[in-house]
Amino acid sequence: MDGSCSPSDREAHKGTQPRTAEIKVCKETGIPDLRDGLGSTDLSLVCLFVSPLADFDHIARDASQAFAGATVVACTTAGEIGSGGYADGHVVAAAFPRQSFASTTLELAPLSNLDPQSQIERVIKARRQLAREAAHLENEFAFLLIDGLSMREDELTAMLASGLGSVPLFGGSAGDGNRYCATFLAHGEKVMQDAALLTIIRTSCPVRVFSLDHLIPTDQRMVVTKAAPQGRIVMEINAEPAAEEYARILGIDPDQLDQSTLAAHPIVVRVGERHHVRSIQRATDKNELVFLAAIDEGAVLSLARQTEMDRHLEREFTRLRQPHAPSLILACDCILRRVEADQRRISPRISGILADNRVIGFSTYGEQFRSMHVNQTMTGVAIYPPLDGVP
Amino acid sequence: MSILNPDDSLERQNEKLLQISAALMRRVEQDTDRSGLAYVQFERAAALEEEVRARTQDLEHTLDLLHQSNSQLAEANAATERARADLTDAIETISEGFALFSPQDTLVLSNSRFCQHMRDVTQDLQPGLAFTDYVAKVSQSRFLALPVDQRPSDWAEKRLRRHRDKSVMFNVRLTQDRWLQVSEHRTGNGGTVILQTDITDIMRVERQERSRLIDRQARMVRATLDHLNQGVCIFDRHARLAGWNRRVSNLLSLPARRFQVGAGFSQILDRLPQDIQFEHGVSRSDLLAWVNRQSDRPPLSFEIRRGDSLTLSVFCQEMPEHGFVISFTDVTSERAAARALFEANELLEQRVLDRTLDLEDALAAAERANASKSRFVAAASHDLLQPLSAAKLYVSALNGPTRSELDREIIFKAESALASVEQIIDALLDISRLEAGKASFDVAPVPLMDVLTPLQSEMEPLARAKGLDFRIVSCSGIVETDAAFLRRILRNLISNAIRYTDQGRVLVGVRQKAHTLRVEVWDTGPGIAEADQDVIFQEFSRLNARASASEGMGLGLAIVERACARLGHPLGLWSEIGKGSGFFVSLPRANQTREQPTVEAPRSGEGILEQTGLIVLLVDNDLEFRRALGLLMERWGVSVLDVDDGESALELLEDIQICPDALLIDHHLDGDLTGVQLLKILQDRHPGLPAAIVSANRSSLLRQECQMADVPLLNKPIDPRQLTTFLAQAAEEAVGLQP
């Protein structure tokens with residue numbers, strides 16, 4: 001993109017609809033360019049998805065000054081989704097005008113030591129206050145950004161569910177490329193770790209919060225017989241060292257358990273009719289498997305089969321375009337999906353689909369949907385032009 | 001791929017299965033420590049997500065509603081609290097005692113002023129107190145001042161009865177002379193509001209006012225009663241004396257101590273002196289009966305008398321509330337005066353009646369006498385005329401050429417005497433006819449000269465015989481009258497004048513007025529004293545005793561007076577002893593002949609002068625000129641008095657008391673006076689009299705003299721136009737002076 005800005009607004013509903021902009025991380029460009037790209041509309045909320053290549057602190061500081069008056073939330077990514085689909089080394093911004101959006105952002109920190117009851121109360125109060133202040137904006141959803149290495153997503157989402165009630169939540173775990181070293185969040189110029197930012201948004205635009213995956217569970221099951229839940233580490237499966245057993249079941253050599261293999265063979269947990277993806281981050285040299293979601297002994301893991309991701313995505317978006325096309329889809333997409341697309345060499349195709357459907361967002365270390373933390377999904381919100389604005 | 005590795009030994013497989021099943025069992029039992037919570041939460045979230053979502057939504061909705069209700073409830077509670085506080089504040093601010101009872105008749109709230117003067121009740125005034133208990137407590141309060149004959153229970157019963165009324169308002173008396181006005185008002189839901197207003201001050205002020213008013217009124221009534229010239233007693237409905245004044249004890253001769261408040265009427269009636277008589281048909285018992293009627297008494301009025309010394313008019317009248325008042329008015333003097341007046345009137349009427357009868361008798365007698373006299377005179381006169389005519393015939397038969405001079409003289413005298421007798425008889429007949437009203441008049445327009453000219457020639461010889469200057473100034477006027485009677489009137493006046501004038505002159509002139517012509521007969525006779533001026537018009541009265549048959553018997557003026565009265569011609573007289581007399585008869589102008597003269601009529605010409613009746617004194621020594629000028633002016637309707645010198649002019653004016661309207665004087669006169677000198681004398685006597693000097697002398701000396709005398713000079717020969725101009729001016733002034 002060469003540092004150029006690419007506003008992707010539709011002409012219609014200019015000023016009321018979310019706006020997006022992006023810059024490539026380099027010396028010549030900075031937040032002011034991003035701001036110019038977003039236009040001069042009075043903004044309520046600005047979301048920044050920042051490549052780990054960028055100086056996160058610097059960007060947070062600049063953004064809070066450039067968008068004074070608006071709430072700025074930002075996180076580091078495992079890759080960005082910009083106006084052209086998958087991207088790397090960019091800062092992607094989604095901005096929400098005050099005219100049709102109102103928001104409130106709660107800092108939840110430190111995640112390692114949260115009192116559920118008081119946090120639930122905070123959430124409820126924040127919701128009520130926003131509802132009072134912006135009662136005229138009838139649609140509501142919650143957007144969560146969380147430290148992707150905190151391993152507290154399951155607890156937090158379960159906790160937040162009590163506070164959010166019927167407000168649909170989606171979110172993503174901040175990423176650090178494929179390094180898994182350090183992820184950051186920023187609220188204004190305040191940069192945080194071991195934290196989450198819950199932003200509750202009310203809007204006059206119709207919204208639809210969704211979650212999709214393209215996996216089908218198989219009958220091939222495994223039982224976790226030994227695990228360390230705090231570290232999401234599974235030591236034994238079927239009373240055998242986990243990595244070896246997993247490799248045996250896949251019919252491969254344990255040494256071949258790299259990221260692309262792991263991405264290609266996702267594991268799901270079935271609960272009733274539904275299944276939930278529990279992705280494996282990596283295999284340790286102790287034949288342990290490190291998961292990207294909560295896991296415990298006695299869990300029954302099913303091997304899942306992948307369908308064609310691009311077709312599946314196309315189908316899902318077609319459904320989201322009914323009855324009208326959204327003006328923006330803010331999405332949290334699992335890093336493993338991008339890995340899979342790369343592996344299958346359908347990334348350009350996926351990027352095309354994403355661009356066609358105005359998807360903005362980032363690649364995550366995990367997705368939050370309603371009260372659950374899952375992996376290897378795409379979750380997000382589709383934002384539609386107001387009904388009265390539709391020709 | 002099997003869950004077990006087929007390559008393992010059975011033991012190993014068995015061991016693994018045991019481990020697997022143990023892990024599963026732990027999982028199922030959720031026997032996990034704190035570290036496994038995250039996965040449990042995930043499991044639960046996954047299992048219950050949908051259900052929890054739905055429940056949560058419901059719960060949230062319910063919570064919302066609850067919140068809403070709670071906040072509404074809180075608001076309502078706050079509003080209620082505020083309202084209650086406001087109400088409490090409000091009822092505290094009002095100055096009345098205020099209490100609200102619920103529809104169930106229990107006390108809801110009251111302010112601190114409610115029952116504040118009943119300290120033994122206030123402590124019980126708590127919400128929930130029943131109305132009946134409240135009334136009972138009040139009735140037993142030692143601060144309630146009950147009437148002597150009322151027990152607390154009676155009061156309470158009465159009070160509760162009042163409570164059932166729709167609206168209640170009554171006053172309550174408390175001890176220490178305090179008063180409360182209590183009113184009840186029903187609220188919309190059937191509750192009761194009781195208001196207590198402290199009206200102590202109002203009651204006290206009112207009571208003071210009332211007693212002050214009563215005192216003042218009583219004093220005023222007392223003063224009024226004492227002020228009255230009437231005696232007044234006031235009795236109440238029980239016929240007991242309630243008030244009286246001092247006068248009443250004087251009038252009734254009752255000692256003042258007998259009048260006591262409460263004394264009964266009959267008691268007082270009994271004490272009245274026995275010599276008091278009731279009159280006008282009302283007796284003592286009637287009065288007692290009137291009093292005993294007790295109500296609806298009609299006003300009663302009568303008089304009482306005590307001998308002749310006192311008469312009282314008594315008036316009894318009922319008052320409101322069936323008391324009555326009796327007033328006594330002393331009418332003694334009025335009654336006495338009325339009696340005297342009545343008696344005097346009767347006497348007077350009798351005398352008037354008597355006198356009227358006398359007068360009627362006298363009048364009847366006089367009328368009879370007068371009628372018989374008139375009849376007698378008429379009869380006698382008529383009867384006398386027959387033998388008189390015979391006598392005249394005989395006497396004329398005696399006369400003849402054969403008679404001697406002496407005989408002839410005797411015969412002449414006899415004839416003359418007979419003629420006088422005939423004249424007297426004619427006069428008597430005239431008078432009797434005039435008096436009897438039987439004379440008939442033939443009133444018609446008569447030219448005055450038609451009457452005067454014959455008289456001139458008839459009287460001329462008589463005047464000449466007495467050496468008198470007799471003159472009639474001619475006049476062209478026409479009058480409305482009876483010609484025969486006018487002639488008789490004037491002849492009598494002229495002959496009288498000639499008869500009584502021994503020397504000097506007799507002048508007859510006519511003065512023209514707007515609507516009348518006045519014929520004036522002037523003489524230079526002896527004059528008539530004012531006292532005699534009425535007498536001369538009576539029959540047979542003559543002032544000079546030397547009346548002879550030939551000179552009449554004094555019937556002339558009697559005929560003149562009666563004839564003038566009958567014709568409606570005013571008769572006037574001017575006379576002065578030693579100077580002479582003038583008789584004036586005013587005659588109406590005959591208006592059909594000529595237009596009335598008006599000031600606006602054309603000034604020039606003779607026409608004007610004809611109607612003015614101007615009298616001009618012409619003094620000139622030239623007889624021819626005098627005649628000619630006199631003739632000219634008479635043609636113009638001007639009367640001319642002409643004399644030949646100044647002395648004669650002065651004498652004439654002196655004699656006849658006539659003031660001419662203008663003077664025309666020749667400067668050259670025969671006597672001692674010049675014309676201008678004469679003019680000055682005359683103008684001194686009659687200032688402003690128009691005059692002109694006439695002269696043939698054209699010297700500037702005369703002109704200067706005339707200028708200095710401010711008199712016009714007419715040169716001879718006279719220019720008639722100049723003369724008419726002068727006369728017209730004179731006429732204008734004359735009319736101005738004598739309208």
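Everything numeric in this text was worked out from a predicted model, so none of it was measured.

How should I be thinking about the interface of chain A and chain B in this particular structure?
Interface extent is often summarised as the accessible area lost during association of the parts. Between chain A and chain B, the contact holds 35 residues from the first and 29 residues from the second. Listing elements by their share of the side of chain A that touches chain B, those giving two or more residues are α4 (153–164), β14 (215–228), α5 (242–250), β18 (274–277) and β25 (372–374) of chain A. The dominant element in the side of chain A that touches chain B, judged by the number of residues it contributes, is β14(A), at six residues. A class-by-class count of the residues in the side of chain A that touches chain B yields 14 nonpolar, twelve polar and nine charged.

Just to check I follow, could you spell out unusual backbone geometry for this structure?
With glycine set apart, most residues show a phi of negative sign, and most peptide bonds adopt trans. Following A:Ala109, the chain continues to A:Pro110 via a peptide bond in cis, the omega torsion being -5 degrees. Within the element layout of this structure, A:Pro110 appears in the loop between β7 (101–108) and α3 (116–133). Cis rather than trans, the peptide bond between A:Gln322 and A:Pro323 has omega equal to -5 degrees. Positive phi is not limited to glycine here, since A:Arg345 has a value of about 60 degrees. By the C-beta count within 10 Å, which is 8 here, A:Arg345 ends up exposed. At B:Asp105, a residue that is not glycine, the phi angle is positive and equals roughly 65 degrees. Within the secondary structure layout, B:Asp105 lies in the loop between β1 (97–101) and β2 (107–110). Assessed through the 16 C-beta atoms surrounding it within 10 Å, B:Asp105 is described here as partly exposed.

Is there a simple way to think about the pairing of strand β15 (residues 505–512) of chain B in this case?
The side chains of a regular strand alternate, residue by residue, between the two faces of the sheet. All names here are of chain B. Of all eight residues in β15, eight are buried, a share of seventy percent or more. Judged by which residues are buried, β15 turns out to be covered on both faces: Arg-505, Leu-507, Gly-509 and Arg-511 on one side and Val-506, Val-508, Val-510 and Gln-512 on the other are all buried. Note that strand β13 (residues 469–472) and β15 share four bridges and pair parallel. Looking across to β15, one finds that Arg-471 is bridged to Leu-507. Of the strand pairs in this sheet, β15 and strand β16 (residues 516–523) are connected by seven bridges, and their pairing is antiparallel.

Would you mind showing me how to read the sheet that holds β2(B) here?
Hydrogen bonds between backbone atoms are what pair the strands of a sheet, whose relative direction is either parallel or antiparallel. Residue and element names in this part refer to chain B. Across the sheet, five strands lie side by side as β2-β1-β5-β4-β3; this open sheet has antiparallel pairing. The open sheet terminates on both sides in strands that have one partner only, identified here as β2 and β3 (168–174). Strand-to-strand twist of the sheet, defined as the mean angle between neighbouring strand axes without regard to direction, takes the value 20 degrees. The pairing of β3 with strand β4 (residues 178–186) spans seven bridges and is classified as antiparallel. Bridge pairing in β4 links Val-172 to Leu-180.

Quick question: what am I supposed to make of helix α13 (residues 483–500) of chain B here?
Helix length check: α13(B), at 18 residues, gives a terminal C-alpha distance of 25 Å against a target of 26 Å (1.5 Å per residue), a fit within 8%. Judged by how many residues are buried, α13(B) sits mostly within the fold: 13 of 18 residues are covered.

How should the environment of B:Ala239 be read in this particular structure?
Residue and element names in this part refer to chain B. Within the element layout of this structure, Ala-239 appears in the loop between β6 (231–235) and β7 (241–244). Classification of Ala-239 by C-beta neighbours within 10 Å gives buried; the count is 20. The spatial distance from the C-alpha of Ala-239 to the C-alpha of Ser-266 is 8.5 Å, given a sequence separation of 27 residues. Dropping the residues within four chain positions of it, Ala-239 is found in contact with Gly-264, Phe-265 and Val-291.

Hey, could you run me through the packing of helix α12 (residues 448–466) of chain B against α13(B) in this one?
When two helices pack together, you describe them by how their axes are tilted relative to each other and by the distance separating the axes. Residue and element names in this part refer to chain B. At a minimum axis distance of 10 Å, the contact between α12 and α13 shows a crossing angle of 20 degrees. Viewed along their axes, α12 and α13 adopt a mutual orientation that is roughly parallel. Two packed elements cross with a definite hand, and for α12 against α13 that hand is right-handed. The segment α12 lies against α13, with Val-451, Leu-455, Met-459, Leu-462, Ala-463 and Lys-466 engaging Ala-483, Leu-486, Arg-487, Leu-490, Arg-491, Ile-494, Ser-495 and Ile-498. When grouped by side-chain class, the residues that make up the contact of α12 with α13 number ten nonpolar, one polar and three charged.

Calculation notes
Residues numbered from 1 in each chain as written. Chains lettered and ligands numbered in written order. Predicted model: local features only at pLDDT ≥ 70, side-chain atom pairs only at ≥ 80, totals over all residues. Contact = placed C-beta atoms within 7 Å. Helix = DSSP H or I, 4+ residues; strand = E, 2+ residues; numbered from the N terminus. Nonpolar A, V, L, I, M, F, W, Y, C, P; charged D, E, K, R; others polar. Buried ≥ 20, exposed ≤ 12 C-beta atoms within 10 Å, placed from the backbone. Pairing = 2+ DSSP bridges. Axes fitted to C-alpha atoms, helices over the stretch in contact; angles between N-to-C directions. Expected span 1.5 Å × (residues − 1). Parallel < 35°, antiparallel > 145°, perpendicular 65-115°, else oblique. Left-handed = near helix turned anticlockwise from the far one by under 90°.

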